[in-house]
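# Structural description and commentary
Chain residues, written in single-letter form:
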Amino acid sequence: MLTHDTLGIVFANMHEQSVMDMTQERSMASLPFGGRYRLVDFPLSAFVHAGISQVGIVTKSNYQSLMDHIGTGRDWDLARRKGISFLSPYSYTSSEGNMVFHGRIEAIYAIRDFIEHAPCEYVVLSDSDHVCSPDIEDIVNFHIRNKADVTMVCRDPDPDPDNVSNSIAVKVGDDNRITDIMFNRYSEDYLQSINIMVVGRLKLLELVEEASSHAKTMFERDILLANLDTLKVCAYRCSGYVRRITGLKSYYKVSLELNDPEVTAQLFGSQVIYTKVHDSPPVRYSIGCSVKDSFVADGCTIEGTVENCVLFRDVTVEKGAVVRNSVLMQNTFVGKGAELDCVVSDKDVTVSEGKKLSGDSEYPLYIKKKSVV
Amino acid sequence: MKECVAMLLAGGQGSRLYALTQNIAKPAVPYGGKYRIIDFPLSNCANSGIDTVGVLTQYQPLELNEYIGNGKPWDLDRLDGGVHVLPPYQKASGSDWYLGTANAICQNIAFIDRYDPQYVLVLSGDHIYKMDYRKMLDVHKASEADCTISVMKVPMEEASRFGIMNADENGVIYEFEEKPKNPKSDLASMGIYVFSWSVLREYLLRDDANSESDHDFGKNIIPAMLNDGKKMQAYAFEGYWKDVGTIASLWDANMDLLNPSHPFDVWSKENRIYSRPLSLPPHYISATAEVQNSLITEGSQVYGSVDTSVLFGGAYVEEGAEVSYSLLLPGARVKKGAKVMYSIIAGNSVVEEGACIGGTPEDSESIDDWGIAVVGPNLTVGKNAVIKANAMIYDNVQEGEVKC
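Being a predicted model, the structure only gives us computed values, none of them experimental. (Residues numbered from 1 in each chain as written. Chains lettered and ligands numbered in written order. Predicted model: local features only at pLDDT ≥ 70, side-chain atom pairs only at ≥ 80, totals over all residues. Heavy atoms only, no water.)

## Details of the overall build of chain A
Test applied: Helical segments are the DSSP runs of H or I of at least four residues, strand segments are the runs of E of at least two, and each set is numbered from the N terminus. With the radius of gyration taken over C-alpha atoms, the globule rule is written as 2.2 Å times the number of residues to the power 0.38. Partly exposed residues are those whose accessible area sits between 20% and 50% of the maximum for their type, while under 20% is buried and over 50% is exposed, using a 1.4 Å probe and protein chains only. In what follows, a contact means two residues having at least one pair of non-hydrogen atoms within 4.5 Å.
Within chain A one finds ten helices and 30 strands. Taking 2.2 N^0.38 as the reference for a compact globule, 373 residues should give roughly 21 Å; the C-alpha atoms of chain A span a radius of gyration of 21 Å, in line with that estimate. With respect to the principal axes defined by its C-alpha atoms, chain A has extents near 65 × 45 × 40 Å. Buried residues in chain A amount to 57% of all 373 residues. Long-range contacts, defined as pairs at least 24 residues apart, comprise 59% of the intrachain contacts of chain A with a sequence gap of at least 6.

## Some remarks on empty space enclosed by the protein
All names here are of chain A. Note the cut-off: Residues are called lining when one of their atoms sits within 4 Å of a cavity or pocket point, these points coming from a 1 Å grid over the protein atoms alone, where a cavity is a set in which a 1.4 Å probe fits but cannot get out and a pocket is an open set with protein on both sides within 12 Å along at least five of seven lines. Grid points are joined across faces, edges and corners, and a volume is the space filled by probe spheres set on the points. Gly is placed with the polar residues, together with every amino acid not listed as nonpolar (Ala, Val, Leu, Ile, Met, Phe, Trp, Tyr, Cys and Pro) or charged (Asp, Glu, Lys and Arg).
Using the criterion set out here, one finds three cavities of 30 Å³ or more in the structure. What lines the largest cavity is simply Asp21, Met22, Gln24, Glu25, Arg26, Asp346, Tyr366, Lys368 and Lys369. Residues of the lining of the largest cavity, tallied by class, amount to two nonpolar, one polar and six charged. Looking at the second largest cavity, its volume works out to about 60 Å³. Lining the second largest cavity are Phe42, Pro43, Ala46, Ser126, Asp127, Ser128, His130, Cys132, Pro134, Ile194 and Ile196. Secondary-structure elements contributing two or more residues to the lining of the second largest cavity are helix 1 (41–49), strand 8 (122–127), strand 9 (130–132) and strand 13 (191–200). Considered class by class, the residues forming the lining of the second largest cavity number seven nonpolar, three polar and one charged.

## Brief notes about the packing of aromatic side chains
Worth spelling out the cut-off: Classification of ring pairs rests on two measures: the distance between centres of Phe, Tyr or Trp rings, Trp counted by its six-membered ring, which must be within 6.5 Å, and the angle between planes, read as stacked under 30 degrees, edge-to-face over 60 and tilted in between.
Scanning all chains against the criterion turns up 19 aromatic pairs over all chains. Taking 5.2 Å as the distance between ring centres and 85° as the angle between the ring planes, the aromatic pair formed by Phe142 of chain A and Tyr236 of chain A counts as edge-to-face. Separated by 94 residues along the polypeptide, Phe142 of chain A in helix 5 (residues 136–145) and Tyr236 of chain A in strand 14 (residues 233–237) bring together distant segments of the chain. Residue classification places Tyr236 of chain A among the buried residues on the basis of a relative accessible area of 11%. With 5.8 Å between their ring centres and 40° between their planes, Trp251 of chain B and Tyr342 of chain B make a pair best called tilted. Here Trp251 of chain B, found in helix 8 (residues 247–256), pairs with Tyr342 of chain B, found in the loop between strand 24 (339–341) and strand 25 (343–345); they are 91 residues apart in sequence, far enough to count as distant. Neither Trp251 of chain B nor Tyr342 of chain B differs from the other in exposure class; each is buried. In textbook terms, an aromatic cluster arises when at least three aromatic residues are bridged by ring pairs, as seen for Phe33, Tyr37, Phe42, Tyr251, Phe268 and Phe295 of chain A.

## Section: the state of the cysteines
All names here are of chain A. Under the convention used in this document: Any two cysteine sulfur atoms within 2.5 Å of one another count as a disulfide.
What the rule picks out here adds up to zero disulfides over all chains. In this model Cys342 remains outside any disulfide bridge; the closest cysteine sulfur is found in Cys309, 9.4 Å from its own. A relative accessible area of 6% means that Cys342 is categorised as buried.

## Quick look at the packing of helix 6 (residues 197–209) of chain B against helix 7 (residues 217–227) of chain B
All names here are of chain B. Condition: Helix axes are fitted only over the stretch in contact, all axes being lines through C-alpha atoms; the angle between N-to-C directions runs from 0 to 180 degrees. Oblique is the label for every angle not falling under 35 degrees (roughly parallel), over 145 degrees (roughly antiparallel), or within 65 to 115 degrees (roughly perpendicular). Crossing handedness: left-handed means the near helix sits turned counterclockwise from the far one by under a right angle, and right-handed means the same turn made clockwise.
At their nearest, the axes of helix 6 and helix 7 sit 10 Å apart, and the two run at 120° to each other. In terms of axis orientation, helix 6 runs oblique to helix 7. Taken as a pair, helix 6 and helix 7 cross one another with a handedness that is right-handed. Residues Val199, Leu200, Tyr203, Leu204 and Asp207 of helix 6 form the contact with helix 7, whose participating residues are Phe217, Asn220, Ile221, Ala224 and Met225. Its residues assigned to classes, the contact of helix 6 with helix 7 comprises eight nonpolar, one polar and one charged.

## Considerations on the pairing of strand 8 of chain A
Here is the key point about a regular strand: its side chains alternate between the two faces of the sheet. Residues and elements named next belong to chain A. Note the following rule: Between any two strands, pairing holds if DSSP finds at least two bridges.
Summarising burial for strand 8: six of the six residues are buried, a large majority. Of the two faces of strand 8, both are covered, the one formed by Tyr122, Val124 and Ser126 as well as the one formed by Val123, Leu125 and Asp127. As paired strands, strand 1 (residues 6–11) and strand 8 are joined by six bridges and run parallel to one another. Directly across from Leu7, in strand 8, lies its bridge partner Val123. Here strand 8 pairs with strand 13 via five bridges, running antiparallel. In the sheet register, Val123 faces strand 13, and the bridge partner there is Val199.

## Focus: the confidence of the model for chain B
Low pLDDT marks stretches whose predicted atomic positions should not be read closely. Short version of the rule: The predictor attaches a confidence to each residue, and that confidence, scored 0 to 100, is pLDDT.
Model confidence for chain B is summarised by a mean pLDDT of 94, while 100% of its residues fall at 70 or above. Predicted complex, confidence summary: ipTM 0.91, pTM 0.93.

Here's what the structure looks like:
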C-alpha cells in the first residue's frame, strides 16, 4: 500500500489511430482483450492494487463503450467518495473558440482543475495500450527514492518493427537517470517506454502550465526531452510480462499468447485484474466437442472443435464448426460446419452455417462488429 | 410502505450435507459452477421486483454474510429496503436462538413492521429453481387467501417423502399431511409461502405463546390456520424445482445441468441468476486436455481429462488426471494421474498424485452401498490413497491410506 496519497490518470484515447479498425466505435481503453477484459482494466487494476483510490479517466472521443464498461467504478472498488471521475472530452475555451485537446500537454492542461483539487502528492499517468500488470507501489517508491521529477516506466527493447512505430525509447545513464529520448526508433542500448509515468502533483501542474503557455503539445518531446539537463527524469525497468498493442497483428499475436500458462501466471497471478461483471453462466462443453489449447470466458457454448483460440463471453461454436488460431469477441456465433482460421471477430459477429473464412497468422482476417457473414 | 417483503430462512445447518456444511450454512453451498444455493431465491426476488429481503441466519453465518454483503450482485443494495442479514439478537426481555422457522420470523416482526407490508413471502435457502413470485402473489390476491402455498406435482410413489397438500378443484387447500404413508394427492409443498401479513402476524404471536409448539411453519402455523378455517390457496408451479438438502440431491441437481434434454435453463437471459463474482481470468483448456459434456468456469485450468463434470472457479486438473461425473468446488486440485469419479471435492482440497476417489455404481458390490464420495473443504488426500464410493472425508487422508 502506498504511503503517499497518489492520483491515477488514464488516457483513454492515446494511440488508437494504430488499431483503427477495432477503435472505430470505441476508445483504445475499451478495446476488448483476453476473453473478458478491456485494456483499461490493466492500468485501473494496477492502481487499485497499489492503494490508489482516486482515478481520472481522460477521454476524447468514442467513449460511450468505456463509460458503459466503467459505470460507477464499483467493479474496481473505485465507487468511493472520491473514486473514479470521467474527464469527458474537455473542450476548453481559448482565444480561438472551443477546442478539443491535441496531445498530452493540452489534455492535462484541460483537466488542471481536477489535478489541483486532488489531495495527493503524486500522480501516476498511464495510457491504455499495454497489456501488463505493473507494481505501481514499487514504481512510486522508486520515484520517491530517486528524488526524480519524472519517472518513466520502461521495458527491455523489442526490435519488432510493429513495436517500434510510435514508440518512445530512452537511454539510461547513472542513477537510473534518462540521458536521451528517441522517437520511432529501435536501439538495443535504449529501453522502451510503456507509457506509464510518475510525477509530483505540483511539479506536473507547473510543467504543463509552462509548456502550455508556449503552445507545446507533446509531453515527452517538449517537456521531457527539451529539459533533460534540468529535470531529473528517471527510468524504472518493468521486468514482468509487457506487451504493446499497436495494431491488428500485435493484438492477434498478444491475444494468442494467453494460451501459454506462464504468460497468464505472470499477468493474472501477481494481482487480480478487475473488470466489469457480466453474470454469464459457466461454459457448456457438449458431448462430441473437441477443445485444445484455448482460453475461454464464461457464457460460451461449445459443440464443435476449438483449437488455439481466445473466446470471449457468450461465444457459440455449433456442432461441426471448426475454429482454429482465432480470437472471437463477445457474442460471436459460429454456425454448424463453419470453419475459421486466423480470424479476429469483433463483438456480435455471426458466421453462418458452412462458411469458411481464413486469414494468415501474419495477417489475420478481421470481421467488423455486428457483421453477418 | 412495501407491498411485499421476503423473508429467507437461511439458518439451517444442512446436516445431511455433512462435510460440505461443517463451516458454512447450507445456502452458501456452491452449485452449478459459479453459484451458491442462495443465489436462486435472491435472484428470483430481484427478478420478481421484490426489493426488501430479510435473510435469517443462525448456523455458521460468516461466509454467507460476506457473500451477501450489501446485496449489490442481486441489485438489492437499495436506499429503502434491500437485503438485510438478520441473526438472532438480544432483547430487553430475554433472548433466544431461533427455535424454529416460525420463531425466526416471529423474532423479526419488528423488522417486517418497519416496512408495513401487506404480504410476506417466506422462502427457504435450499432450493434450486427459477420462479416469478409476482405470479404467486397475483394468485394470492385474486383468491383473497390468507395464505398461498406453492405446490408442484410429484410422482405419486414419491409423494410420501413430501408435505402433501390436499386441495379442491379451485386449489383451496382443505388438508395438509406431512410425509403421509398413503398420500391422497400428488401436490407437494415447495416450502414457499405468501401470507397476508396481518394474519401471519397474529398466528406467529399465538404460536410464540404456546410452549408446546415446535414453532415450525409446516408443523404448527399451517395446521393451525387450516384448523381455524383460514383460506389456504395452492399455487401450482410448473418447472424445475429441486431440494438440494442431501449429497445425492445436490449431485443430481448439478448433473441435471449437463443433461441436454433437461428443461432447467440456468443460462437463459430471462430471469437470470446472479452471483457474487470471483474476478478470475477465463479458464484454460490445454493441448493435453480432453473435455466432454462438462461445465467449466473462470479461473479453472484443465490439462487432464474431464467428462460429465462441473468445475467451479479456479479448479485445476493436472495432466493425466481423470475426472468424471464429479464436482470440483472452487479451488479444488486434482494432481497428475489421480482419478476422481462420482465425487464431490470441496473447496481448496487437493487430491495428490495417483489417488483414486469414488467409484462407479457398476463397480459397487451392491447398489445400496454405492453413493457419491465427498472430500470436505481444505483437505489433502495423500498420494495413491483410495477413497471408496459413498465415503465422507472430514480430515486429511495419508499417503496410501484406504477410506470407506
